[in-house]
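Given next are the chains, with one letter for each unit.
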There are 2 protein chains.
Amino acid sequence: MSEDISIAEVAEELQNHDNFLILTHKSPDGDTLGCASALTRALQGMGKHARFVNSDEIPEKYAFLYRDIPVEEFEPEYIVAVDIADTTLLGDSLSVYADKVDLCIDHHVSNRRFAKKLHLNPNDGAASLTLYRIFTESGIPITEEMACDLYTGLTTDTGCFRYSNANADAYRAAAGLIECGADNGKINELMFETKPMSYYRLVQRTLSEMRMYCDSKVVVFKITQEMLRETGATEDQCDAICAMSRTIEGVEAGITMKQKTDGRYKFSLRTRESLDASEICRLLGGGGHVRAAGCDAGTEEEEALRTMLEFISGKLQVAI
Amino acid sequence: MSEDISIAEVAEELQNHDNFLILTHKSPDGDTLGCASALTRALQGMGKHARFVNSDEIPEKYAFLYRDIPVEEFEPEYIVAVDIADTTLLGDSLSVYADKVDLCIDHHVSNRRFAKKLHLNPNDGAASLTLYRIFTESGIPITEEMACDLYTGLTTDTGCFRYSNANADAYRAAAGLIECGADNGKINELMFETKPMSYYRLVQRTLSEMRMYCDSKVVVFKITQEMLRETGATEDQCDAICAMSRTIEGVEAGITMKQKTDGRYKFSLRTRESLDASEICRLLGGGGHVRAAGCDAGTEEEEALRTMLEFISGKLQVAI
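Described below are features of the structure shown in this document. Keep in mind it's a predicted model, so treat the numbers as computed, not measured. (Residues numbered from 1 in each chain as written. Chains lettered and ligands numbered in written order. Predicted model: local features only at pLDDT ≥ 70, side-chain atom pairs only at ≥ 80, totals over all residues. Heavy atoms only, no water.)

Next up on the list: the overall build of chain A. Along chain A, the regular secondary structure elements total 11 helices and 12 strands. The C-alpha radius of gyration of chain A comes to 22 Å, within 12% of the 20 Å expected for a compact globule of 320 residues. Along the first, second and third principal axes, the C-alpha atoms of chain A reach 65 × 40 × 35 Å. Counting across all 320 residues of chain A, residues that qualify as buried make up 56%. A separation of at least 24 residues holds for 64% of the contacts in chain A among residues at least 6 apart in sequence. For chain A, the exposed surface amounts to about 13,500 Å²; the carbon and sulfur share of it is 46%. Placing the 33 positive and 52 negative side-chain charges of chain A at their respective mean positions leaves the two points 6 Å apart. (Helix = DSSP H or I, 4+ residues; strand = E, 2+ residues; numbered from the N terminus. Rg over C-alpha atoms; globule rule 2.2 N^0.38 Å. Buried < 20%, exposed > 50% of the residue type's maximum accessible area, 1.4 Å probe, protein only. Contact = heavy atoms within 4.5 Å. Areas by Shrake-Rupley, 256 points an atom, 1.4 Å probe, with all protein chains shown as cover. Lys, Arg positive; Asp, Glu negative; His and termini not counted. Charge placed at Lys NZ, Arg CZ, Asp CG, Glu CD.)

Rendered as structure tokens:
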């Protein structure tokens, strides 16, 4: 059970220690890496030793975040976790630190309070916003590089300021970061405007086999292992396909049927206001949020789809 | 030739007149409509008569902007143009006002100074930002509806705060507008997350016939009139396809060959830093910007493509 600490207390912790090891979450994203990179730079700027680590390989698109940070060798004395809600997210190679985290800086309301001390702000759309506030309120200067790091975290976790988690604080922090030198146009181009050819191949394949039901209110995408092999697409890219399903005008539910390597299917649902995705997924023993949910559908995927479609057809009062 | 006026002078003009007609530009977008809607509300709130007009039909997606504005009948006395750089943008039915515009509020550096008075801020990513500043600095209260209007203009003109024209002022204004009640999550969903099925059909068709050249550094999309008929896609959607061409990883130039109704082809180019799109389009008598340009390619479109590919192949020093 963590002790909750204020920004002033976080600043004191950083001031009073040296030799920091910063942990990021597995399958690293822009927010955990942006925080780790900015905090490493801040600590090095304060004359401390600091470095950050991850269980997984870091995707190439994030390499610019830490390219010029000096890698320091030292014996870690103080462990900080950034943007990590639970020790399971440390991944295999960092799991050794599960009960050794001195401080966690996070924004997930679901934080499991595993660290000795915790600074949590669940209203923040990104941990980078939480860290930005720590820096500004405790007078830690934000360099151009740190501004790029934090802007990257903020923009990636808010879908380029598109989602409702981009609140007034998030926009105001972005303004501050741009004034500190964050090159927002360039960062967004890098984060959002480049997709591998394999993604477009998968989009083409998926769209060409798309099925519509319930008066075109339900769209079904089916992604088989064969399609993944042929297109070279990755798991990430399946998530993007799933998000795309709901963006079709008039669609109330998008069902993405994805075959796993063992041949079994996983369904991912995205719905608009008229349907509760988690209620639909519960039919097959799954669950999730109101507008995004999932379930396992085994190897009888078409039968499982039929169960869902019958339920949705009843809810929308249209024929399948 | 316009007289440049300050925010205080704009406020005085609004205060000292009544019976305002507000003009928006043809092919109306979120920015011109957001400004018109917010300004109409502001003036009505000041006890004035005001309404806004457009040469074209307003796309359904923007209908929420002005749904609840009372439509007033009165004889216009004072004409304001919002987000209009040139009288040619008034369109046919508003061209009668070309030499009668009393005040223009705009952000285009290319403004042709056709109005009697002009308040222009070319650093603003949207005219909605210019208008936001007018409201805040002259103490005109921003209601929840006005905040939605202005946020819509700001987010659509900056590509949801993605482009580099979203500067610190733009982000800070967004924060202010959210605090005034703009429902940013909902607005962005409406503006950016919904696309007609015809668009996805065109994406599928275009991707399935995509060609790659120059070591996969050049992608070519060809959109025929037959494809447009079969998919039901519109001109707008061709622009989106063209924008997509450059987002493919590793692609330095995206060439979209679009057949017009008369059978002739128009080429649109999008390039990354290594190539100058306008230089390439000049080969065929066209032009444009460094990263986005276009040209007419007649009916011998494959020959025209060859000319471009030969030039690009030389520039990139790879075989076609």
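The next point concerns the nonpolar core. In terms of nonpolar packing, the biggest core is built from 106 residues, with A:Phe135, A:Tyr171, B:Phe135 and B:Tyr171 touching the most fellow members. If we ignore the near neighbours within four places in the chain, the residues touching A:Phe135 are A:Ala38, A:Leu39, A:Ala42, A:Ile140, A:Ile142, A:Met146 and A:Leu150. Residues A:Ile223, A:Cys238, B:Ile223 and B:Leu228 belong to the second largest nonpolar core, which totals 32 residues. (Core = buried A, V, L, I, M, F, W, Y, C linked by side-chain atoms within 4.5 Å.)

This paragraph deals with the interface of chain B and chain A. How big an interface is tends to be stated in terms of accessible area lost as the parts join. In this assembly, 41 residues from chain B lie in contact with 42 residues from chain A. Here chain B meets chain A over a buried area of about 3,700 Å², counting both sides, of which 55% is carbon and sulfur. Linking chain B with chain A are 10 salt bridges, by the criterion used here. A:Arg162 is the salt-bridge partner of B:Glu193, the closest N and O atoms lying 3.5 Å from each other. (Buried area = accessible area lost by both parts, 1.4 Å probe. Salt bridge = Lys/Arg side-chain N within 4 Å of Asp/Glu carboxyl O.)

A few words on the sheet that holds strand β12 (residues 292-298) of chain B. Residue and element names in this part refer to chain B. One open sheet accounts for 6 strands, arranged β7-β8-β9-β10-β12-β11; its pairing is mixed. Each edge of the open sheet is held by one strand with a lone partner, namely β7 (211-213) and β11 (287-288). Note: β7 against strand β8 (residues 218-223), 3 bridges, orientation antiparallel. Counted as the bridge partner of tyrosine 213 is valine 218 from β8. (Pairing = 2+ DSSP bridges.)

A separate point is the packing of aromatic side chains. Using the criterion set out here, one finds 15 aromatic pairs over all chains in the structure. Both rings, one in A:Tyr199 and one in A:Tyr200, keep their centres 5.3 Å apart while their planes meet at 70 degrees; by these two values the pair is edge-to-face. Accessibility expressed as a relative area gives 6% for A:Tyr200, which makes it buried. Residues B:Phe161 and B:Tyr171 carry aromatic rings whose centres are separated by 5.4 Å and whose planes lie at 45 degrees to one another, so their mutual orientation is tilted. Of this pair, B:Phe161 sits in the loop between α4 (144-157) and α5 (168-179) while B:Tyr171 is found in helix α5, placing the two residues 10 residues apart along the sequence. (Phe/Tyr/Trp six-rings, centres within 6.5 Å; stacked < 30°, edge-to-face > 60°.)

Turning to the sheet that holds strand β1 (residues 3-4) of chain B, a few remarks are in order. All names here are of chain B. As summarised here, the arrangement of the 6 strands in space is β1-β6-β5-β4-β2-β3, forming an open sheet in which the pairing is parallel. The sheet terminates laterally at β1 and β3 (50-53), the two strands that pair on one side only. Bridge count for β1 against strand β6 (residues 117-120) is 2 bridges, and the pairing is parallel. For aspartate 4, the partnering residue across the bridge sits in β6 and is leucine 118.

Turning to the environment of B:Lys116, a few remarks are in order. Residues and elements named next belong to chain B. Position of lysine 116 among the secondary structure elements: in the loop between β5 (103-106) and β6. Through-space distance from the C-alpha of lysine 116 to that of aspartate 99 is 8.5 Å; in sequence the pair is 17 residues apart. Ignoring any residue separated from it by four or fewer positions in sequence, one finds lysine 116 in contact with Ser2, Glu3, Asp99, Lys100, Val101 and Asp102. Within the structure, the side chain of lysine 116 is placed 3.2 Å from the side chain of aspartate 102, a separation counted as a polar contact. (Polar contact = N/O pair within 3.5 Å; in protein donor to acceptor, adjacent residues only side chain to side chain.)

Here we take up the relation of the copies chain B and chain A. At an RMSD of 0.2 Å, chain B and chain A line up after a rotation of 180 degrees and a shift of 0.1 Å along the axis. The relationship between the two copies is best expressed as a two-fold rotation axis. Both copies share a contact surface, since 100% of the interface residues of chain B are interface residues in chain A too. (Least-squares fit on C-alpha atoms with pLDDT ≥ 70 in both.)

A surface patch of positive charge is lined by A:Lys61, A:Lys195, B:Lys61 and B:Lys195. Residue position: A:Lys195 is located in the loop between α6 (184-192) and α7 (197-208). (Patch = residues over 30% accessible without salt bridge, like charges linked within 9 Å, V, L, I, M, F, W, Y side chains within 5 Å.)

On to unusual backbone geometry. Phi is positive for A:Cys214, which is not a glycine, with a value near 50 degrees. By the secondary structure assignment, A:Cys214 is in the loop between β7 (211-213) and β8 (218-223). Assessed through its relative accessible area of 0%, A:Cys214 is described here as buried. You will see that B:Ser216, though not glycine, has its phi angle at about 60 degrees, which is positive. In this structure, B:Ser216 sits in the loop between β7 and β8. Owing to a relative accessible area of 42%, B:Ser216 belongs among the partly exposed residues under this scheme.

What follows covers the pattern of salt bridges. Applying the stated rule across the entire model yields 48 salt bridges over all chains. A salt bridge links A:Arg112 to A:Asp86, with the shortest nitrogen-to-oxygen separation between them at 3.8 Å. Placement of A:Arg112 in the loop between β5 (103-106) and β6 (117-120) and of A:Asp86 in the loop between β4 (78-82) and β5 is noted, with a sequence separation of 26 residues between them. A relative accessible area of 59% places A:Arg112 in the exposed class. The partner of B:Lys315 in a salt bridge is B:Glu279, and the shortest N-O contact between them spans 3.6 Å. Of this pair, B:Lys315 sits in helix α11 (residues 301-316) while B:Glu279 sits in helix α10 (residues 277-282), and the two are 36 residues apart along the sequence.

Below, the discussion takes up the pairing of β8(A). All names here are of chain A. With 5 of 6 residues buried, β8 is to be regarded as a mostly interior element. Between the antiparallel neighbours β7 and β8 lie 4 residues, among them cysteine 214 with a positive phi of about 50 degrees. For β8 and strand β9 (residues 253-259), the ladder comprises 6 bridges, and the chain directions are parallel. Bridging from a neighbouring strand, isoleucine 223 pairs with lysine 258 of β9.

Looking now at α7(A). Between the first and last C-alpha of α7(A) there are 17 Å, a value that for 12 residues agrees with the 16 Å anticipated at 1.5 Å per step. Within α7(A), 10 of the 12 residues are buried, which leaves it mostly tucked inside the rest of the structure. Of all the positions in α7(A), only A:Met197, A:Ser198, A:Tyr199, A:Tyr200, A:Leu202, A:Val203, A:Gln204, A:Arg205, A:Thr206 and A:Leu207 are classed as buried. Against β8, α8 (225-231) and α9 (235-245) of chain A together with α7 (197-208), β7 and α9 (235-245) of chain B lie the buried residues of α7(A). (Expected span 1.5 Å × (residues − 1).)

This part is about the side chain of B:His107. All names here are of chain B. Position of histidine 107 relative to the elements: it lies in the loop between β5 and β6. A distance of 2.9 Å separates the side chain of histidine 107 from the backbone oxygen of aspartate 124, its partner in a polar contact. Within the structure, histidine 107 has its side chain in polar contact with the backbone nitrogen of alanine 126 (distance 3.5 Å). Excluding residues within four positions of it along the chain, histidine 107 makes contact with Asp31, Asp83, Leu120, Asn121, Pro122, Asp124, Gly125, Ala126, Ala127, Thr130 and Asp157.

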